[in-house]
Amino acid sequence: MRKMFEIEVEDAESGRKWEVFYPSSINQPKDHSVMFIGERYAEKIKDSLSVSQCIIFWPDSIPVTERIRENNLVYIGRNPRLEYARFFRKHGLNNLPQTPEGTSVNGSFLARDCVIGENVTIMPGAYVGEDVRIGNDVYIGCGVKITGRVSIGDHVTVRENVSIGADGLSMEREADGRMIPIPQFGGVVIKNNVIIGANSVIARGAIDDTVIEEGCMIDNGCFISHNTRLMKNVAVVGESILFGSVSVGENSFISGNVTIRDGVKIGRDALIGMGSVVTKDVESNCAVAGNPARVRY
C-alpha cells in the first residue's frame, strides 16, 4: 500500500522512535498506522488487536493489554478521537488534494495518472483527479468533480454537477469550543450499474472507503457522507441525507427528503418513508416513517 504520509515520533520515556505511514480503523487495522480506539470498542478488541509499530490513542477507562503496549506507542486519554485530531494538527497534515499534471479534453480536465476505460463519455467542465479509476461504458456529466482515491465500475451514470470524493465534516472540539478538523484519508468505491443524480455529493471515507454497491440508484440532490455503505440495489430518492457510517441493506428504498443519523444500520428490503428522520437501526423487511421514524409495518 502506498504511503499516505511519513511521520516519526520519539517516545519521551524510552527514546524509541516510531514511524507511521497511514491512518487505520478497527475494521481494517494496519501496521505502521495511527489509530484511535473509542471506549465502546476498546473492551471488544483489546485481546484481538494484533497491529505493531502503530501510534494508538486509547481510552483511559479501559486497561491496555501488555501485548498492545509492547508493540505500539500507546497514548492514554479521556477522548482518543480528540487526541487523534490534535496529532494531525500538530504535524500540519490536512490531506487536501494537490494540483495534478494533466490535459484539457473537450473542456474537461483529466489528470495524467487517472485511468479511464473504454466507451467513456466525459462532458465539458468535468474534473477527474489523478487517483481516479473509471471503468467501461461510463457517462460523466457536465461539471462533475471526482477527486481523491475513487474507483468507478462499468455502466455507471454520473449526472451533472455531482461531487465524488469530497471531504465530509469530521471534527472534534477543544474544551473552549474551538473545532479541530480531522483529515479524511479514505476513498470512494462505486460498483457496476450505478446511477447518481445531478447535484449529489458522495463523500470519501474518513479512514475506510465509502462504498456504493452494484445496481444502486441515487436521485438528484442527495448527500452520502463518509464511510457510508449502500448494499446492492438500494434506491435513495431526492434531497435525502445519509450521515457518516450509515449502512443500508440490499433492495431497500429511501424515500425523498429523508435524514439518517450517523452510524445507523438499515436492514435489507426496508422502506424509509418520505421526510423521515431515522435515529435508530431499522430491521429488515419493515417500513418506518415519521420524526423520529417508527415502525409502521
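Owing to the predicted nature of the structure, the values given are computational and were not obtained by experimental measurement.

Another aspect to go through is the overall build of the protein. The helix and strand tally for the protein stands at three helices and 36 strands. In summary, the protein has a C-alpha radius of gyration of 21 Å against a globular reference of 19 Å for 297 residues, a match within 12%. Dimensions of the protein, computed from C-alpha atoms along their principal axes, come out at roughly 55 × 55 × 35 Å. Across the 297 residues of the protein, 45% fall into the buried class. The contacts in the protein between residues at least 6 apart in sequence include a share of 20% that link residues at least 24 apart. Of the accessible surface of the protein, which amounts to about 14,800 Å², a share of 47% is contributed by carbon and sulfur atoms. Computed over 32 positive and 37 negative side-chain charges, the separation of the two mean positions in the protein equals 4 Å.

To continue, consider the pairing of strand β8 (residues 108-111). Relative to β8, strand β7 (residues 102-105) runs antiparallel, the two being bridged by four bridges. Across the sheet, residue Val105 finds its bridge partner in β8, namely Ser108. Hairpin connection between β7 and β8: a loop of two residues separates the two successive antiparallel strands, and Asn106 in this loop has a positive phi of roughly 55°. Strand direction decides the pairing type here: β8 and strand β11 (residues 127-128), joined by two bridges, are parallel. By the bridge assignment for β11, Leu110 is matched with Val128.

What follows covers the side chain of Thr147. Within the secondary structure, Thr147 is located in the loop between β14 (145-146) and β15 (150-152). A distance of 3.5 Å separates a polar side-chain atom of Thr147 from the backbone oxygen of Gly165. When sequence neighbours within four positions are dropped, the list of residues in contact with Thr147 reads Tyr127, Ile164, Gly165 and Ala166.

A sheet is described by the order of its strands in space; here ten strands give the open sequence β10-β13-β16-β21-β24-β27-β30-β33-β35-β36, paired in mixed fashion. A strand with exactly one partner marks an edge of an open sheet, and here the two such strands are β10 (121-122) and β36 (293-295). Of the pairings in the sheet, the one linking β10 to strand β13 (residues 139-140) comprises two bridges and is parallel in character. Each bridged residue has a counterpart across the sheet, and for Thr121 the counterpart in β13 is Tyr139.

In this structure the tally under the stated criterion is ten aromatic pairs. Between Phe21 and Tyr22, the aromatic rings sit 6.1 Å apart at their centres with planes inclined by 85°, giving edge-to-face as the arrangement. Assigned by exposure class, Phe21 and Tyr22 land together as buried. With a centroid separation of 5.4 Å and 10° between ring planes, the pair formed by Phe109 and Tyr127 is classed as stacked. With Phe109 in strand β8 and Tyr127 in strand β11, the pair connects residues that are 18 residues apart, well separated along the chain. Since its relative accessible area comes to 24%, Phe109 is described here as partly exposed. Chaining the aromatic ring pairs together yields one cluster made of Phe5, Phe36, Phe57, Tyr75, Tyr84, Phe87, Phe88 and Phe185. One residue, Lys3, lies across the ring of Phe21, its end atom 4.2 Å from the ring centre.

Take the pattern of salt bridges next. The final tally for this structure, using the stated rule, is 18 salt bridges. Measuring nitrogen to oxygen at the nearest pair gives 2.7 Å for the salt bridge that ties Arg204 to Asp167. Taken as a pair, Arg204 in the loop between β22 (201-203) and β23 (210-212) and Asp167 in the loop between β17 (163-166) and β18 (171-173) lie far apart in primary sequence, 37 residues in all. When its relative accessible area of 7% is taken as the criterion, Arg204 is described as buried. Judged by relative accessible area, Asp167 falls into the partly exposed class, the value being 38%. Linking Arg261 and Asp262 is a salt bridge whose minimum nitrogen-to-oxygen distance equals 4.0 Å. Several salt bridges share partner residues, and in doing so they unite Glu83, Arg86, Arg89 and Glu174 into one network.

In this structure, the largest pocket occupies an estimated 1,600 Å³ of space. Around the largest pocket sit 40 residues that line it, and Asn27, Tyr41, Asn227, Gly244 and Ser245 are the ones nearest its centre. Of all the elements in the fold, those that place two or more residues in the lining of the largest pocket are α1 (39-45) and α3 (80-90). If you tally residues by element for the lining of the largest pocket, the top one is α3, at three residues. Here the lining of the largest pocket is composed, by residue class, of 17 nonpolar, 14 polar and nine charged. By volume, the second largest pocket amounts to about 480 Å³. Surrounding the second largest pocket, 19 residues form its lining, Arg2, Asn95, Asp131, Gly148 and Arg204 being those nearest its centre. Its residues assigned to classes, the lining of the second largest pocket comprises seven nonpolar, six polar and six charged.

Reading guide: rules and limits
- Residues numbered from 1 in each chain as written.
- Predicted model: local features only at pLDDT ≥ 70, side-chain atom pairs only at ≥ 80, totals over all residues.
- Heavy atoms only, no water.
- Helix = DSSP H or I, 4+ residues; strand = E, 2+ residues; numbered from the N terminus.
- Rg over C-alpha atoms; globule rule 2.2 N^0.38 Å.
- Buried < 20%, exposed > 50% of the residue type's maximum accessible area, 1.4 Å probe, protein only.
- Contact = heavy atoms within 4.5 Å.
- Areas by Shrake-Rupley, 256 points an atom, 1.4 Å probe, with all protein chains shown as cover.
- Lys, Arg positive; Asp, Glu negative; His and termini not counted.
- Charge placed at Lys NZ, Arg CZ, Asp CG, Glu CD.
- Pairing = 2+ DSSP bridges.
- Polar contact = N/O pair within 3.5 Å; in protein donor to acceptor, adjacent residues only side chain to side chain.
- Phe/Tyr/Trp six-rings, centres within 6.5 Å; stacked < 30°, edge-to-face > 60°.
- Lys NZ or Arg CZ within 6 Å of the ring centre and 35° of its normal.
- Salt bridge = Lys/Arg side-chain N within 4 Å of Asp/Glu carboxyl O.
- 1 Å grid on protein atoms, 1.4 Å probe; cavity = no way out; pocket = protein on both sides within 12 Å on 5 of 7 lines; lining within 4 Å.
- Points joined across faces, edges and corners; volume = space filled by probe spheres on them.
- Nonpolar A, V, L, I, M, F, W, Y, C, P; charged D, E, K, R; others polar.

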